[in-house]
Amino acid sequence: MATLYDKRWLIKYLAQRQWASSYQGSHLGLLWAILSPLLMVALLTAIFSEVLGIRFREVTGDSTLNFGIYLYCGLIPFLAYSQALTQGVNVIRRNSSLVEGVVFPLEVLPLTTVITSLIQSLFGVGALMVVLAVLEQRLPHLTALLLPLVLVPQLLFTSGLAYLMAVAGTYVPDVRETLRAVVRATFFITPILWPTGRVPEDWRFLVDYNPLAYLVESYRNLILEGKLPSAEGTVYFSLFALMLFVVGFAVYSRLKHNFADLL
Amino acid sequence: MPAVSVRGVSKKYRIFPSGRARLQETLSFGRKKYGHDFWALQDIDLEVEPGTTLGVLGRNGAGKSTLLNIIAGIRQPTTGTVEVNGRLVALSGLGAGFNSEFTGRENVMLNGLILGIERQEMLERFDDIAAFADIGEFIDQPIKTYSSGMRSRLGFAVAASVGPDILILDETLAAGDAVSRESALQKMYELRDSGTTILLVSHGMGTIKDFCTEAVLLHEGRLIASGGTDEVIDHYQTLVSNIRQSKNPRQKEEEQPPDGGAIFEGKASKDPTFKEDLDFERRVADHRSGTGEARIRSVELLDERLRQVEAVAFGSTVTVRVYLEYLEAVGDSELLISLHSQVEPGQITKPQEGQFYGPNLGYVLELYERYRENPVSVDEQTREFFEDWNPPQPETNGHAPGVAGELFSASTALEGVPLKEMEKGKRMVVDFAFKVPLQKGRYKVSVGICAGDEDSYLDRIDGATTFRVARPNNRKRFRGIVHLPTQIKVHVPEGERQGWSA
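Quantities reported herein were computed from a predicted structural model and do not represent experimental measurements.

A tally of regular secondary structure across chain A gives 13 helices and zero strands. Buried positions account for 39% of the 263 residues belonging to chain A. For chain A, the share of sequence-separated contacts (at least 6 apart) that also reach a separation of at least 24 residues comes to 76%.

So, about the interface of chain A and chain B. Listed as interface residues are 17 residues of chain A and, on the opposing side, 23 residues of chain B. For the side of chain A that touches chain B, the secondary-structure elements that each account for two or more residues are α2 (8-21), α6 (96-101) and α13 (259-262) of chain A. Per-element accounting of the side of chain A that touches chain B gives the leading share, five residues, to α2(A). Taken together, the residues that form the side of chain A that touches chain B break down as ten nonpolar, four polar and three charged.

One finds L128(A), A166(A), V56(B) and I168(B) to be the most contacted residues of the largest nonpolar core, which totals 131 residues. Discounting chain neighbours no more than four positions away, the residues touching V56(B) are K64(B), L67(B), L68(B), L199(B), L200(B), V201(B), V216(B) and L218(B). The next biggest cluster of nonpolar side chains, apart from the first, holds 39 residues, and it includes A313(B), V445(B), Y457(B) and V469(B).

The next subject is the environment of V246(A). Assignment of secondary structure puts V246(A) in helix α12 (residues 231-255). A sequence separation of 90 residues divides V246(A) from L156(A), and the C-alpha atoms of the two residues are 8.7 Å apart.

Residues and elements named next belong to chain B. The phi dihedral of E220 is positive, around 50°, even though this residue is not glycine. Tracing the sequence through the fold places E220 in the loop between β8 (214-219) and β9 (222-228). Backbone geometry places L306, a non-glycine residue, at a positive phi of 60°. Note on placement: L306 falls in the loop between β12 (294-302) and β13 (311-312). What makes L306 buried here is the crowd of 22 C-beta atoms within 10 Å.

Further remarks concern the packing of α2(A) against helix α3 (residues 104-114) of chain B. As a packed pair, α2(A) and α3(B) sit with axes 9 Å apart at the nearest point and diverge in direction by 150°. Of the possible angle classes, the one that applies to α2(A) and α3(B) is roughly antiparallel. As α2(A) runs across α3(B), the sense of the crossing is left-handed. Residue-level contacts link W9(A), L10(A), Y13(A) and R17(A) of α2(A) to E106(B), M109(B), L110(B), L113(B) and I114(B) of α3(B). Counted by class, the contact of α2(A) with α3(B) contains seven nonpolar, no polar and two charged residues.

As a further point, take the sheet that holds strand β4 (residues 79-84) of chain B. Residue and element names in this part refer to chain B. Read across the sheet, three strands follow the order β2-β1-β4 without closing on themselves; strand pairing throughout is antiparallel. Edge positions in the sheet fall to β2 (36-48) and β4, since each of these pairs with one other strand and no more. Each adjacent strand pair in this sheet contributes to an overall mean axis angle of 25°, direction not counted. Sheet topology places strand β1 (residues 4-15) next to β4; five bridges connect them, and they run antiparallel.

Spacing of three or four residues puts side chains on the same side of an α-helix, whose turn is 3.6 residues. Residue and element names in this part refer to chain B. Taking 1.5 Å of rise per residue, the 15 residues of helix α4 (residues 119-133) would be expected to cover 21 Å, and the 20 Å separating its terminal C-alpha atoms lies within 8% of that figure. Along its length, α4 reaches its greatest deviation from straightness, about 45°, at R125. For α4, the set of buried residues is M122, I129 and A133. The inward-facing, buried residues of α4 abut α3 and α5 (148-161). Positive backbone phi, approximately 55°, marks D134, located one or two places after α4.

The next thing to look at is the pairing of strand β7 (residues 197-201) of chain B. Residue and element names in this part refer to chain B. Within β7, five of the five residues are buried, which leaves the element mostly enclosed by the surrounding structure. The side-chain alternation of β7 yields two buried faces, one formed by T197, L199 and V201 and the other by I198 and L200. One ladder, built from four bridges, connects strand β3 (residues 53-58) with β7; its direction is parallel. The residue bridging T53 from the neighbouring strand is I198, located in β7. Two strands pair when backbone bridges link them, and strand β6 (residues 166-170) and β7 are joined in this way by five bridges, in the parallel orientation.

Quick look at helix α8 (residues 147-171) of chain A now. With 25 residues, α8(A) extends 36 Å between its outermost C-alpha atoms, agreeing within 8% with the 36 Å of an ideal straight helix rising 1.5 Å per residue. Judged by how many residues are buried, α8(A) sits mostly within the fold: 18 of 25 residues are covered.

All names here are of chain A. Running from N to C, helix α4 (residues 67-88) and helix α11 (residues 211-225) point in directions that differ by 135°, and their axes come no closer than 9 Å. The orientation of α4 relative to α11 falls into the category oblique. As α4 packs across α11, the resulting crossing turns out to be right-handed. In contact with Y70, C73, G74, I76, P77, F78 and Y81 of α4, α11 contributes L212, L215, V216, Y219, R220, I223 and L224. Here the contact of α4 with α11 is composed, by residue class, of twelve nonpolar, one polar and one charged.

Further remarks concern the environment of N107(B). Residue and element names in this part refer to chain B. If you trace the backbone, N107 turns up in helix α3. Here N107 falls in the buried class, since 25 other C-beta atoms lie within 10 Å of it. Sequence separation of N107 and I139 is 32 residues, and the distance between their C-alpha atoms is 9.5 Å. The residues contacting N107, other than those within four sequence positions of it, are F98, N99, F102 and I143.

Here we come to the confidence of the model for chain B. All names here are of chain B. Model confidence for chain B is summarised by a mean pLDDT of 77, while 80% of its residues fall at 70 or above. This model gives residues 243-269 a pLDDT under 50, and the stretch forms 34 contacts once residues within four places in sequence are excluded. Ignoring residues within four places in sequence, the model shows residues 344-356, a span with pLDDT below 50, making twelve contacts including any to other chains. Interface confidence for the predicted complex, given as ipTM, is 0.72, next to a pTM of 0.61.

Rules and cut-offs
- Residues numbered from 1 in each chain as written.
- Chains lettered and ligands numbered in written order.
- Predicted model: local features only at pLDDT ≥ 70, side-chain atom pairs only at ≥ 80, totals over all residues.
- Helix = DSSP H or I, 4+ residues; strand = E, 2+ residues; numbered from the N terminus.
- Buried ≥ 20, exposed ≤ 12 C-beta atoms within 10 Å, placed from the backbone.
- Contact = placed C-beta atoms within 7 Å.
- Nonpolar A, V, L, I, M, F, W, Y, C, P; charged D, E, K, R; others polar.
- Core = buried A, V, L, I, M, F, W, Y, C linked by C-beta atoms within 7 Å.
- Axes fitted to C-alpha atoms, helices over the stretch in contact; angles between N-to-C directions.
- Parallel < 35°, antiparallel > 145°, perpendicular 65-115°, else oblique.
- Left-handed = near helix turned anticlockwise from the far one by under 90°.
- Pairing = 2+ DSSP bridges.
- Expected span 1.5 Å × (residues − 1).
- Bend = angle between axes of the 7 residues up to and from the residue.
- pLDDT = per-residue confidence, 0-100.

Here it is, written out as C-alpha cells:
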C-alpha cells in the first residue's frame, strides 16, 4: 500500500496519459471528454422525450422526469465498472514492455485504469447536469455534492475487481473473452433499464445483494431525486468494497512476481 | 559488501505444448502433468564487487537475459537468492519501458517516475537528458517514429542520468551508429570511473574486451567460466566456433583434454569406449587402402573439451581420436596421421599472373596429378580449370611419403609412443592432440597404420576426417598457411638510443 502512495506521481502521470491518449489524434482533443458524454445523454433524452414520448410517470416515481436522463444516470457508475473490468483484465499484457523491460511498481497499473474510468464518469456527471439544466430546466439537487462519499467506496470496489481481473486475465487469457459476456449480463441484472420498484418479490435479491444496484441507486438518489442513499446499504457496500479491495490487492501482490514469466 | 551477490540461483520454466495443456494441468491441482520443466538457469553463483564492470557472455538462449532480469528483480528465481546493494537501474533490451504511443518527452518523464525520481527533479534534469540523447525536435514525437538508435540513446540517457550504483545494460548499445555508440561509451566510462558497477550483455567482443574488467560465460543455463575478460572471451570463441554441439556436452565437460600423443590403455575411468562406426566405414570405403591386418574403425575430431566438432577456433587444441582394431597378430606398428589443406570442388580459382597460390597450392597439385592420370576423376569445373593451366614447378617435393599439400604429419613412432606387439582382436583408441594455428579454411586428416619398418600400409584412409578452422579474430589475422609462434624484440642499436626514446 505504501508503494501506491510513494508512486502517486506515477499514477497521476499514467492516468493522465491514458486519459489523454483516448482522445489523441482527434482535432478537438480533450474537448471530447465532455462532448462525448454530452452527446450520449442528449441523444438518450431526445429519444425518450421527443421520439418515444416516454415520460417517467409511466414507470415510477417522479412523473416529470425524462427516462433518458434516468437511464443515463444509472449508466455512469456501470460504465466505470465495465471499463475497469475490461481494461483491468488486459492491463498486464498491454503494458508488457513495462512488465518485462524495467523494474516497475506493478501495483499502480490496475489502479490507474480505475482512476481513469472514474474521471471519465465525473465528466459524465457534468454532462448530465448540463442536459438537466438546459433541456429539462431543472437544477441538480444539493445532495449531488455528497457524491464523493459514494466515489470513495466505488473506487475501492472497482479497483478490487480490477486487481482480481488483472491476475485472472494474465494467468488465463480466456478470461478476457468470458468477461465481455459477464459484463453484459450484469447490465441486465442491474436496475439500469428497469426501475427497482417494478421488481417482483422473488427477484428482490437482484437489487438487495447487487453492489452495482447500490451504486446505480445512489447516483440516482443523489443527483436526480435529492435523497440520501440508505445508511444500511452504504455501510454494507463500503465494507464489501473495502474487503474486495484488500483481497484483490493482496492476491495481486502475491502473484505479481510471476507476471513477467507469463507474458 | 558486494554490489550484487547471486547465490544458488536457478530458474525453471514450465513448458506446455499448448495453452490448453497449461490450463488442464493447473485445474488438475498437480494430479496430472502436461508440461515439462525447462531450466533456464542452474545453480548460478556470482559476486560482483562495487566498481566492477562485468561482461556477460553466452550464445543466444544461454540465459544471459534471464540472469540479468533476475538480478534486476523483474523476474523471480525459482530457487536461490539475489542481494543487491545500491540503486539499480536496468535497461533490458531496446527501448524497454517505453510506450511507443507516447512522445519522447513523456517517456523520459515516465521512466524517471518509474525509477522513483520526483517529478520536479525530473523536470530539472530533462534538458540534460534531451541533450545527451541528441534527438532534436523528435523529442515531442511519439517514440514509434524513432529509429532504433534514437530509442536506445534515449533509454540510455535516462538510465545514466539517474546516477545508478548498479547499471544493467542488455544489448542496449548494439543499436546506434558509431557516433552514438561512442557517446554512450563515453558516458559509460564516466559512470565506471565514478564507481558505478556495470553489468553488460553484448555480442560485441570489442566492447567487452575494452570496457569490462571481468567477464562470465553462460552456457545452457550454467556459468561455465568467469574471470578476466581475455580468458573468458577466448573460452567463448571456442564455444561459438563449435557449431555442431555434441549430444551430451555436460557429461563431456568433466573430462579433461589429454596430453599430446598419449595412449589410453587399461581401465582408468576417463577411457573412451570403443566405437564401431558403420557410417564411417561406408563413407571412407572408397578412400581406403592397405593389407587389412589392422583396421581403422573410426576417426573423430574433438575440440578442447573432447566434443566432436566440425569447426575449431584458431590456435586451439584439437584431438584426432583413432579407433583401431587388429584383425591379425601384428608386431611393432606405427600409426600416422597427416594434415592437408583442402579445397572443396569448384573452389579453386584461377590465380592472376604473378599471384601466389596460397595455402591450397599443395592440394591443387595433388588434384592436378589425379587429373593427369584420369581427367574424369575430378569435377567439371576443376577440369576446365586444369585444361589451360601450367603447374608451377615445386622446387623440391619433400621426402618419401610426403604428398603435396601436406601441412604436417605425426606418428606414434615419431612422437616416441611406440605401439608394441599386438595380438589378434586387440582394440586401441589413440589420441593425437595438437594445436592448429592455421589459416581459416578446411583441412583434412588422413590416418594410416603400418607395421614395423615396412612401407606398406596395413590400413590407410585418405581424408578420414575433416575440420574447419574458424576465422581468427582481428588481432590474429595473418597471411599464409600457418602462424608460427613468434616473439618480437625491438633492439635499439648501440649509440642510437637517444633518437629512439625521444
